[in-house]
Amino acid sequence: AMKINQNTVLQGQRVTLVPYTSAHVPRYHEWMQSEELQRLTASEPLSLEQEYEMQRSWRDDADKCTFIVLDTERWSGQACADEDCMVGDVNLFLTDTEDPTLGEIEIMIAEPSYRGRGFGKEATLMMMSYGVRNLGITTFEAKIGQENEASICMFKKLHFKEVAVNSVFQEVTLRLDVSDLERRWLLEQTDHVEEKSYVEPKLPAGVLETRQ
């Protein structure tokens, strides 16, 4: 199961990545009520109960690695609970059973005030570096809705090339093959990142019983 990152915190300059836990679900659920985010992530709205189930299945899923993206400045001041400094999430899917070195990457900056400020870029670089170092990924793919120009543009800045357009799903596929040169570049871009141990936020008393 993809529990490799369950105790991992990756602290960068703008963003800190932490494992997706049940304490993050209410805020995540709130985000996913947004029609814009449903469209951008091609997701259906879920009930809160379903969202808790989804979080559990993701945590135990062998082919999915998920981090919640936090605002480093707010979070590291410790004045702020995880859920109050959540800005989005970043996922890596290892979906090709034939090729375990291929990772599909997905980034969502859910908080509108954090878009266009380099948070998505740093979170994506940190996740890619983690995938290369810890999961043996050598090729990344990103599938993005054609209308999401900001995201397509960001991936191209991270050296991804457009390899396919699906006009039915109105989706663009971008790919990056991690050559030695790209690997060096990626590790240089993320050499400021500190890896720490994660302490799971405690849920309010009484919440756990109903979630088992």
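As the structure is a computational prediction, the values presented were derived from the model and not from experiment.

This paragraph deals with the confidence of the model for the protein. Any region with low pLDDT has predicted coordinates that should not be read closely. Averaged over all residues, the pLDDT of the protein is 90; the fraction at 70 or higher stands at 92%. Taken together, the stretch residues 208-212 has pLDDT below 50 and engages in six contacts with residues farther than four places along the chain or on a different chain.

The next point concerns the nonpolar core. Formed by 38 residues in total, the largest nonpolar core has its most connected members in Leu17, Leu92, Ile105 and Phe160. Looking at which element gives the most residues to this core, the answer is helix α5 (residues 119-134), with eight residues. In this structure Phe160 touches Ile105, Met128, Phe140, Glu141, Ala142, Phe155, Leu174, Arg175 and Leu176, once residues within four positions along its chain are discounted. Val9, Val18, Tyr20 and Trp58 belong to the second-largest nonpolar core, a separate cluster that totals 19 residues.

Looking at the largest pocket, its volume works out to about 1,200 Å³. Forming the boundary of the largest pocket are 47 residues, of which Leu40, Thr41, Ile107, Met108 and Asn148 lie nearest the centre. Among the elements of the structure, α2 (35-41), α3 (48-60), β4 (86-93), β5 (102-109), α5, β6 (139-145) and α6 (149-157) are those that each provide at least two residues to the lining of the largest pocket. Split by residue class, the lining of the largest pocket holds 22 nonpolar, ten polar and 15 charged.

This next bit is on the environment of Thr21. By the element assignment, Thr21 lies in the loop between β2 (15-19) and α1 (25-31). Once the C-alpha coordinates of Thr21 and Tyr52 are considered, the two residues, 31 residues apart in sequence, prove to be 9.2 Å apart. Setting aside residues up to four positions removed in sequence, Thr21 forms contacts with Gln55, Tyr198, Glu200 and Pro201.

Okay, the pairing of β2 next. Burial analysis of β2 places five of its five residues in the buried class, the great majority of the element. Neither face of β2 is open: one carries Val15, Leu17 and Pro19, the other Thr16 and Val18, and all of them are buried. Alignment of strand β1 (residues 8-11) against β2, held across two bridges, turns out to be antiparallel. The residue of β2 that forms the bridge with Leu10 is Leu17. The hairpin formed by β1 and β2 contains three residues between the paired strands. Across five bridges, β2 lies against strand β3 (residues 64-71) in antiparallel orientation. Bridge pairing in β3 links Val15 to Asp71.

Quick look at the pattern of salt bridges now. Across all of its chains, the model carries seven salt bridges by this definition. In this structure, Glu36 engages Arg115 in a salt bridge whose closest nitrogen and oxygen atoms are separated by 3.3 Å. Taken together, the residues Glu36 in helix α2 and Arg115 in the loop between β5 and α5 connect sequence positions 79 residues apart. Between Glu141 and Arg175 there is a salt bridge whose closest N-O contact spans 2.6 Å. Of the two residues, Glu141 is situated in strand β6 and Arg175 in strand β8 (residues 171-177); the sequence distance between them amounts to 34 residues. Glu141 gets classed as buried once you look at its relative accessible area, which sits at 10%. Given a relative accessible area of 33%, Arg175 falls into the partly exposed group.

Now for the packing of aromatic side chains. Using the criterion set out here, one finds seven aromatic pairs in the structure. Ring centres 6.1 Å apart and planes at 85° place the aromatic pair Tyr28 and Trp58 in the edge-to-face group. Taken together, the positions of Tyr28 in helix α1 and Trp58 in helix α3 put the pair 30 residues apart, joining distant regions of the chain. Pair check on accessibility: Tyr28 and Trp58 agree, each one buried. Of the aromatic side chains, those joined through ring pairs into one cluster are Tyr20, Tyr28, Trp31 and Trp58. If you follow Lys64 out to its NZ or CZ, it ends over the ring of Trp58, 3.7 Å from the centre.

Each value, and the rule that gives it
Residues numbered from 1 in each chain as written. Predicted model: local features only at pLDDT ≥ 70, side-chain atom pairs only at ≥ 80, totals over all residues. Heavy atoms only, no water. pLDDT = per-residue confidence, 0-100. Contact = heavy atoms within 4.5 Å. Core = buried A, V, L, I, M, F, W, Y, C linked by side-chain atoms within 4.5 Å. Buried < 20%, exposed > 50% of the residue type's maximum accessible area, 1.4 Å probe, protein only. Helix = DSSP H or I, 4+ residues; strand = E, 2+ residues; numbered from the N terminus. 1 Å grid on protein atoms, 1.4 Å probe; cavity = no way out; pocket = protein on both sides within 12 Å on 5 of 7 lines; lining within 4 Å. Points joined across faces, edges and corners; volume = space filled by probe spheres on them. Nonpolar A, V, L, I, M, F, W, Y, C, P; charged D, E, K, R; others polar. Pairing = 2+ DSSP bridges. Salt bridge = Lys/Arg side-chain N within 4 Å of Asp/Glu carboxyl O. Phe/Tyr/Trp six-rings, centres within 6.5 Å; stacked < 30°, edge-to-face > 60°. Lys NZ or Arg CZ within 6 Å of the ring centre and 35° of its normal.

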